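Secondary and tertiary structure notes
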Amino acid sequence: MPAEASTSRPPSPPLTERQEARRRRILHASARLAGRGGFDAVQMREVAESSQVALGTLYRYFPSKVHLLVATMQDQLERMHGTLRRKPPAGDTAAERVAETLMRAFRALQREPHLADAMVRALTFADRSVSPEVDQVSRQTTAIILDAMGLDDPSPEQLSAVRVIEHTWHSALITWLSGRASIAQVKIDIETVCRLIDLTAPRE
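Residues numbered from 1 in each chain as written. Predicted model: local features only at pLDDT ≥ 70, side-chain atom pairs only at ≥ 80, totals over all residues. Heavy atoms only, no water.

**A few points about the overall build of the protein**
Along the backbone of the protein there are ten helices and zero strands. In sequence order, the secondary structure elements of the protein are arranged as α-α-α-α-α-α-α-α-α-α. In terms of overall size, the protein behaves like a compact globule, its C-alpha atoms giving a radius of gyration of 17 Å where 204 residues would be expected to give roughly 17 Å. Principal-axis analysis of the C-alpha atoms places the extent of the protein at approximately 55 × 35 × 30 Å. Counting all 204 residues of the protein, 46% fall into the buried class. The contacts in the protein between residues at least 6 apart in sequence include a share of 76% that link residues at least 24 apart. Within the structure as shown, the protein displays about 11,000 Å² of accessible surface, and the carbon and sulfur contribution to it stands at 51%. Here the protein holds 27 positive side-chain charges and 25 negative ones, and the gap between their average locations is 7 Å. (Helix = DSSP H or I, 4+ residues; strand = E, 2+ residues; numbered from the N terminus. Rg over C-alpha atoms; globule rule 2.2 N^0.38 Å. Buried < 20%, exposed > 50% of the residue type's maximum accessible area, 1.4 Å probe, protein only. Contact = heavy atoms within 4.5 Å. Areas by Shrake-Rupley, 256 points an atom, 1.4 Å probe, with all protein chains shown as cover. Lys, Arg positive; Asp, Glu negative; His and termini not counted. Charge placed at Lys NZ, Arg CZ, Asp CG, Glu CD.)

**Quick word on unusual backbone geometry**
Phi angles above zero are rare outside glycine, and Gln52 is one such case at about 60°. Considering the arrangement of structural elements, one finds Gln52 in the loop between α2 (44–51) and α3 (55–61).

**Considerations on the side chain of Arg23**
Here Arg23 shows up in helix α1 (residues 17–37). Buried within the structure, Arg23 lacks any salt-bridge partner; Glu20 is the closest side chain of opposite charge, at an N-O distance of 4.4 Å. Each residue touching Arg23, except ones within four places of it in the same chain, is listed here: Leu15, Tyr61, Phe62 and Ala71. (Salt bridge = Lys/Arg side-chain N within 4 Å of Asp/Glu carboxyl O.)

**A look at the pattern of salt bridges**
Here the structure, examined in full by the defined rule, presents six salt bridges. Two residues, Arg24 and Glu20, come together in a salt bridge whose shortest N-O distance is 3.8 Å. Of this pair, Arg24 and Glu20 both sit in helix α1, separated by four residues, roughly a single helical turn. In the salt-bridge network here, residues are joined through shared partners; they are Glu20, Arg24, Asp75 and Arg79.

**Describing the packing of aromatic side chains**
Here the structure, examined in full by the defined rule, presents three aromatic pairs. Relative to Phe125, the ring of Phe39 lies with its centre 5.4 Å away and its plane at 80°, an arrangement referred to as edge-to-face. Placement of Phe39 in the loop between α1 and α2 and of Phe125 in helix α6 (residues 113–125) is noted, with a sequence separation of 86 residues between them. By relative accessible area, which is 9% here, Phe39 ends up buried. For Phe125, a relative accessible area of 46% corresponds to the partly exposed category. On the numbers, 5.4 Å between centres and 65° between planes, the contact of Phe106 with Trp176 is edge-to-face. (Phe/Tyr/Trp six-rings, centres within 6.5 Å; stacked < 30°, edge-to-face > 60°.)

**Remarks on the confidence of the model for the protein**
Should the pLDDT be low somewhere, the predicted coordinates at that spot are not to be read in detail. Across the protein, pLDDT averages 91, with 94% of residues at or above 70. Averaged pLDDT values for the elements of the protein fall to 92 in helix α10 (residues 196–199) and rise to 97 in α2. This stretch, residues 1–8, has a pLDDT under 50; its non-local contacts, to residues over four places away or in other chains, come to 22 contacts. (pLDDT = per-residue confidence, 0-100.)

**Considerations on helix α5 (residues 94–110)**
Over its 17 residues, α5 extends 24 Å from the first C-alpha to the last, a length consistent with the 24 Å expected when each residue adds 1.5 Å. In the core, the buried residues of α5 are packed alongside α4 (65–86), α6, α7 (131–149), α8 (156–177), α9 (183–193) and α10. (Expected span 1.5 Å × (residues − 1).)

The structure is reproduced here in structure tokens:
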């Protein structure tokens, strides 16, 4: 999921253990509210109350609802990545493993359609101020795909293929959420684009 060029916003200092716990409560509250009612159900005041932080504190962590929901998507992808590492895909080829991985991630989002819709809408609305958070979503998606491929040091051509696969996965999610594509069609599109992995594999 590509981002525009990052803004000059300075990197945040590492969070303390207490701050990290607070951030996790905020993300959990965001996911829970989005899961109940989608994008519109995530109100910053309610997130603050649910996660037991002051509203001003919430805004220091996440300047807007879009920042919060994009960070929620990164957190959800990180959780999926952990699950996939515990139970790796079983395909014989890299293309098969990536397709299986992305369909497993897709089905996880399918089980929470309101949450999926809220996160994807936030990505769609994100402007330059949210670039660091969008970049994190993209990096997490890339890491999931590279893990499925079994690659630590991809070539520029392979990274290009990964980016196209990410674009297709994101687009498939949008078309499914809007009712313009069936799960069967999504599966075909994902399997088709994953063939780029074979085309960009280094020659022996």
